[in-house]
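Analysis of the macromolecular model
In case you want the letters, here they are:
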Amino acid sequence: MKTLATITAAIAVLACPALAQQTLKFAHVYEANTLYNEAAEWIADEIETRTDGAFVVDVFPGSQLGNEETITEGLQIGSIQMAYTGPTFLGQFHKPMAISEAPFIWKDYAHWKSYQESDVFAEVSEGYFDKTGNKVTSILYFGSRQTSSRDRIETPEDMQGMKIRVANAPLWKIFPTAVGANPTPISFAEVYLALQQGVVEGQENPITIIESNKFYEVQNYVARTSHITSSVVSVFGGPLWSRLSDEEKALFTEITREASALFSDRIVAREEELFDKFRAGDDVEIVDVDRAPFAELVIPAVKAEWGEELVDRVTALAD
């Protein structure tokens with residue numbers, strides 16, 4: 001009888017997904033040596049620890065499981081359970097998801113941080129969930145995009161007619177177009193050479209990218225326009241989310257938000273370290289511009305893209 005009871009108990013464990021250990025795949029496109037991957041690994045460790053090993057998370061960085069499109073497909077069919085991906089990409093499925101990437105939508109970092117706990121973030125995330133079944137739980141700071149250039153930029157007038165490299169997507173063209181520059185799509189791998197040869201006069205990227213890709217070697221100035229605050233969001237695939245208990249959903253949300261708070265602050269600190277480094281050296285001059293005249297030109301285009309009501313709700317979070 002004892003043996004029979006033991007066998008029955010073992011069968012019950014195997015038959016009940018809530019009691020059996022589950023291995024989850026966490027995919028993203030960022031390199032293994034970045035803080036974004038470190039954040040993903042932190043989440044993986046915390047999930048395993050706080051569920052007493054009921055869930056084990058394997059992290060796959062550097063596009064090991066495919067690009068953002070492939071990863072999203074994996075979330076949909078259940079071959080991938082978790083991901084970090086860009087709000088702009090998710091905006092293809094539900095446009096308001098990309099509002100966080102709109103140029104000059106954020107006053108400063110504190111304003112951006114207020115978004116995650118806001119009703120606006122909850123509503124746009126819910127809209128994405130309604131259309132896809134995938135659950136967005138948190139948003140992680142990726143970096144504020146700055147404008148490097150051959151000639152000094154202090155005002156919007158300084159950008160008129162300037163050929164500036166942008167990614168080949170409508171979002172990245174809003175800012176340069178509004179200030180009279182000439183946005184020029186060039187693949188990222190060719191940016192350094194294009195700047196060196198004068199094909200374009202400037203480009204825009206977070207200071208971490210400007211430093212790691214040595215764009216400062218072929219540019220004279222970096223204007224702190226901070227025109228776009230780029231982010232990544234944590235997403236759970238619909239097939240996984242639908243079978244989690246309410247307690248597990250709350251725990252996973254809590255862990256991803258803790259990671260966002262912790263690592264967003266670390267990324268901001270890293271940016272400030274780099275600005276200090278460049279100010280102390282002779283590689284490139286940092287120009288602290290007045291952002292207001294730029295925003296005045298850009299915000300009407302942002303409202304035309306996302307609607308005045310949504311934009312006003314986001315900007316009001318700074319109050």
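Keep in mind that what you see is a predicted model, and the values were worked out from it rather than measured.

1. With respect to the confidence of the model for the protein chain
Of all residues in the protein chain, 94% have pLDDT values of 70 or greater, and the mean over the chain is 93. Across residues 1-18 the pLDDT falls below 50, and counting only partners more than four positions away or on other chains, this stretch makes 3 contacts in the model.

2. Let's talk about empty space enclosed by the protein
Inspection of every chain in the model, using the stated rule, returns 1 cavity of 30 Å³ or more. By volume, the largest cavity amounts to about 30 Å³. If you trace the largest cavity, you find it lined by L171, W172, F175, P176, E204, H227 and I228. Listed by contribution, the elements that provide at least two residues to the lining of the largest cavity are α7 (170-178) and β8 (221-236). It is α7 that provides the largest number of residues to the lining of the largest cavity, a total of 4 residues. A class-by-class count of the residues in the lining of the largest cavity yields 5 nonpolar, 1 polar and 1 charged.

3. As for the pattern of salt bridges
Throughout the structure, instances matching the rule amount to 19 salt bridges. A salt bridge links E273 to R270; its shortest N-O distance comes to 3.4 Å. Here E273 pairs with R270, and both are found in helix α11 (residues 246-280), just 3 residues apart, close to one helical turn. For E273, a relative accessible area of 46% corresponds to the partly exposed category. Overlapping salt bridges, with partners in common, bring together E46, R50, E254 and E258 in one network.

4. Some words on the nonpolar core
If you look at the biggest cluster of nonpolar residues, it comprises 77 residues, and the most contacted ones within it are Y84, I99, M159 and W306. V200, V218, L274 and F275 belong to the second-largest nonpolar core, a separate cluster that totals 16 residues.

5. A few points about the layout of surface pockets
Estimated volume of the largest pocket: approximately 1200 Å³. Lining the largest pocket are 35 residues, with Y30, F142, R145, N205 and I209 positioned closest to its centre. For the lining of the largest pocket, the secondary-structure elements that each account for two or more residues are α2 (35-50), α4 (87-90), β4 (135-149), β7 (202-206), α9 (207-212), β8 and α11. If you tally residues by element for the lining of the largest pocket, the top one is α9, at 4 residues. Residue composition of the lining of the largest pocket, by class: 16 nonpolar, 12 polar and 7 charged. As a volume, the second largest pocket reaches approximately 230 Å³. Lining the second largest pocket are 15 residues; nearest its centre among them are D108, Y109, Y141, S144 and S226. Those elements giving two or more residues to the lining of the second largest pocket turn out to be β4, β8 and α11.

Definitions and cut-offs
- All chains use their own residue numbering, which begins from 1 and follows the written sequence.
- Local features in this predicted model are restricted to residues of pLDDT 70 or higher, and side-chain atom pairs are both shown and tallied only at a pLDDT of 80 or more, whereas totals for entire chains, interfaces and linings draw on every residue.
- Derived side-chain values reflect all non-hydrogen atoms in the structure, with water molecules and hydrogen atoms excluded from consideration.
- Values of pLDDT, which run from 0 to 100, indicate the predictor's confidence residue by residue.
- Two residues form a contact once any of their heavy atoms are found within 4.5 Å.
- Computed over the protein atoms alone on a 1 Å grid, cavities are sets of points where a 1.4 Å probe fits but cannot get out and pockets are open sets with protein on both sides within 12 Å along at least five of seven lines; a residue lines them when it has an atom within 4 Å of a point.
- Grid points are joined across faces, edges and corners, and a volume is the space filled by probe spheres set on the points.
- Here a strand is any run of E in DSSP of at least two residues, a helix any run of H or I of at least four, and the numbering for each starts at the N terminus.
- For this scheme, ten residues count as nonpolar: Ala, Val, Leu, Ile, Met, Phe, Trp, Tyr, Cys and Pro. Four count as charged, namely Asp, Glu, Lys and Arg, and the remainder, Gly too, count as polar.
- What makes a salt bridge here is a side-chain nitrogen of Lys or Arg within 4 Å of a carboxyl oxygen of Asp or Glu, nothing more.
- Exposure classes here rest on a 1.4 Å probe applied to the protein chains alone. A residue is buried below 20% of its type maximum, exposed above 50%, and partly exposed in between.
- Nonpolar cores are built from buried Ala, Val, Leu, Ile, Met, Phe, Trp, Tyr and Cys residues. Side-chain atoms within 4.5 Å join them into one set.

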